[in-house]
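Spelled out, the chains give:
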Amino acid sequence: MSDKTSNQMWGGRFAAGPDAIMEAINASIGFDKRLAAQDIAGSRAHAAMLAAQGIITDSDAKAIREGLLTVLSEIESGDFTFSTALEDIHMNVEARLKEVIGEPAGRLHTGRSRNDQVATDFRLWVRDQLDAAETGLLALIQALLGQAEQGAEWVMPGFTHLQTAQPVTWGHHMMAYVEMFGRDLSRVRDARARMNESPLGAAALAGTGFPIDRHMTAEALGFDRPMGNSLDAVSARDFALEFLSVASISAMHLSRFAEELVIWSSAQFRFVTLSDRFSTGSSIMPQKKNPDAAELIRAKIGRIFGANVALMMVMKGLPLAYSKDMQEDKEQVFDAADNWMLALAAMEGMVRDMSANTSALEAAAAHGFSTATDLADWLVRETGLPFRDAHHVTGSLVAKAESKGCDLPDLSLEEMQDVHGNIDASVYDVLGVHNSVRSRMSYGGTAPQRVREQIAAWKERLA
């Protein structure tokens with residue numbers, strides 16, 4: 001087969017034939033250049049350890065460390081030229097280091113492999129992202145606490161099945177998300193603690209015969225300890241999978257809140273007004289104010305979920321130790337991290353800026369027979385009815401109100417007594433939405449006093 005025929009089969013994208021295709025599928029520099037800072041940090045720690053152990057000279061180690069700083073400076077300033085022919089960030093850095101310092105660069109790779117090198121770089125990068133996620137979650141929780149404190153007594157409808165259920169307070173609703181994102185924060189911290197072990201020094205898969213000190217490099221890079229098994233060190237990617245799992249759960253919480261903000265800001269609800277910073281207008285309908293930031297958060301979550309599944313599929317069939325399949329571990333994680341951080345920041349901004357329409361919230365809370373359960377509870381307490389009987393009486397009163405086109409507090413005492421003769425005028429004390437929420441004093445309930453207690457507890461926890 002001629003080269004011309006071969007090129008036609010491969011397609012016009014690869015004019016140079018099979019060699020170009022192999023280079024394209026094999027190279028990762030297009031995305032793993034994001035690991036440059038971590039790669040250079042790992043190499044500097046490795047060089048210092050090699051010198052401390054007498055494996056390379058102090059002068060070579062000094063040249064390597066200074067040369068690596070020069071390379072990092074070039075990368076950060078945009079003056080570095082990345083080469084696809086050099087495949088990845090490790091070889092690109094090492095090749096440039098050789099140009100900068102000459103022969104000592106060749107001694108840097110003593111006692112290590114690209115297998116433990118990339119595992120170290122990737123762990124360092126994911127650890128940085130977990131730290132960024134912690135910062136983002138803390139900021140979001142603080143914004144929610146601010147809303148909860150402001151609206152600890154504002155009454156709004158609580159929903160089940162998106163149907164009006166019972167009155168709750170705005171503060172209570174905000175605190176529900178504080179609890180959700182608080183668990184996300186806990187998962188972030190757990191994941192970081194679990195993955196904070198160093199693969200560096202595991203070499204290709206079996207360790208090395210050089211007298212390296214893995215504890216020294218682990219400490220230099222901020223790891224708690226070296227990983228205990230060299231096979232596991234180069235082949236484990238569960239730290240990335242756990243990152244994606246944590247991100248997915250947090251993203252799900254963000255998406256649920258985003259959905260509520262879309263609903264609440266609609267003309268049909270008007271529960272909240274989102275700031276102009278997180279809304280857009282319509283190109284054709286001048287009256288529109290679209291909750292685009294919330295909608296985009298809701299949509300971006302699919303990319304995070306997809307990344308989680310994609311990496312699971314990459315890893316599920318791989319034997320120990322390293323396989324080239326694992327080059328596909330990064331793009332999905334990079335994309336998921338970018339979108340998670342963006343979604344956290346956007347949600348924090350929306351929460352800080354949004355204003356609640358308290359009159360609309362209270363009016364909605366009073367509709368839909370939201371105090372029916374309070375009426376049933378009153379019948380149990382005041383008349384001695386078993387709850388099931390009280391439930392039946394309340395249902396009959398709801399039906400009566402519905403047939404009249406009014407709500408429960410609008411029924412006259414006589415109309416109520418027609419259904420159950422022991423009802424007296426004190427029943428109206430529990431039919432108001434403010435009385436309803438104030439009565440929910442059980443731990444974790446919606447009563448303003450309980451909400452303020454939870455706000456104080458969270459502030460103390462965060463402090």
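No experiment lies behind these values; they were computed from the predicted model shown.

**Description of the packing of aromatic side chains**
Argument step 1. Inspection of the entire model under this criterion finds 12 aromatic pairs.
Argument step 2. On the numbers, 6.4 Å between centres and 50° between planes, the contact of Trp264 with Phe271 is tilted.
Argument step 3. Taken together, the ring pairs connect Trp154, Phe159, Trp170, Trp264, Phe269 and Phe271 into an aromatic cluster.
Argument step 4. The ring centre of Phe334 lies 4.9 Å from the NZ or CZ of Arg34, which sits over that ring.
Argument step 5. Seen from the ring of Phe223, Arg127 lies directly overhead, with NZ or CZ sitting 4.9 Å from the centre.

**Focus: a nonpolar patch on the surface**
Argument step 1. Taken together, Leu205, Leu231 and Leu320 make up a surface patch of nonpolar side chains, about 270 Å² in accessible area.
Argument step 2. As for its position among the elements, Leu205 is in the loop between β3 (197–198) and α9 (214–220).
Argument step 3. Of the residues examined, Leu205 reaches a relative accessible area of 40% and is grouped as partly exposed.

**Quick look at the pattern of salt bridges**
Argument step 1. Following the criterion strictly, the structure yields 25 salt bridges and no others.
Argument step 2. Here Glu242 and Arg194 are joined by a salt bridge, their closest N and O atoms 2.5 Å apart. Residue Glu242 is located in helix α11 (residues 238–264), and its partner Arg194 is located in helix α8 (residues 170–195); the two are separated by 48 residues in the primary sequence.
Argument step 3. For Glu242, a relative accessible area of 22% corresponds to the partly exposed category.
Argument step 4. On the basis of relative accessible area, Arg194 is assigned to the exposed category, the value being 51%.
Argument step 5. In this structure, Asp329 and Lys330 form a salt bridge, with 2.8 Å as the shortest nitrogen-oxygen distance.
Argument step 6. When salt bridges that share partners are traced, they join Asp60, Glu103 and Arg107 into one network.

**Considerations on helix α5 (residues 58–77)**
Argument step 1. Over its 20 residues, α5 extends 29 Å from the first C-alpha to the last, a length consistent with the 28 Å expected when each residue adds 1.5 Å.
Argument step 2. Asp60, Ala61, Ile64, Gly67, Leu68, Val71, Leu72, Glu74 and Ile75 are the residues of α5 that are buried. Summarising the axial view, the buried residues of α5 lie within an arc of 155°, below the 170-degree limit, and thus occupy one face. Seen from the open side of α5, the exposed residues pointing more than 90 degrees away from its buried face are Asp58, Ser59 and Glu76.
Argument step 3. Looking one or two residues beyond α5, the residue adopting positive phi is Gly78, at roughly 85°.

Conventions and cut-offs
- Residues numbered from 1 in each chain as written.
- Predicted model: local features only at pLDDT ≥ 70, side-chain atom pairs only at ≥ 80, totals over all residues.
- Heavy atoms only, no water.
- Phe/Tyr/Trp six-rings, centres within 6.5 Å; stacked < 30°, edge-to-face > 60°.
- Lys NZ or Arg CZ within 6 Å of the ring centre and 35° of its normal.
- Patch = residues over 30% accessible without salt bridge, like charges linked within 9 Å, V, L, I, M, F, W, Y side chains within 5 Å.
- Areas by Shrake-Rupley, 256 points an atom, 1.4 Å probe, with all protein chains shown as cover.
- Salt bridge = Lys/Arg side-chain N within 4 Å of Asp/Glu carboxyl O.
- Helix = DSSP H or I, 4+ residues; strand = E, 2+ residues; numbered from the N terminus.
- Buried < 20%, exposed > 50% of the residue type's maximum accessible area, 1.4 Å probe, protein only.
- Expected span 1.5 Å × (residues − 1).
- Arc of directions from axis to C-beta.

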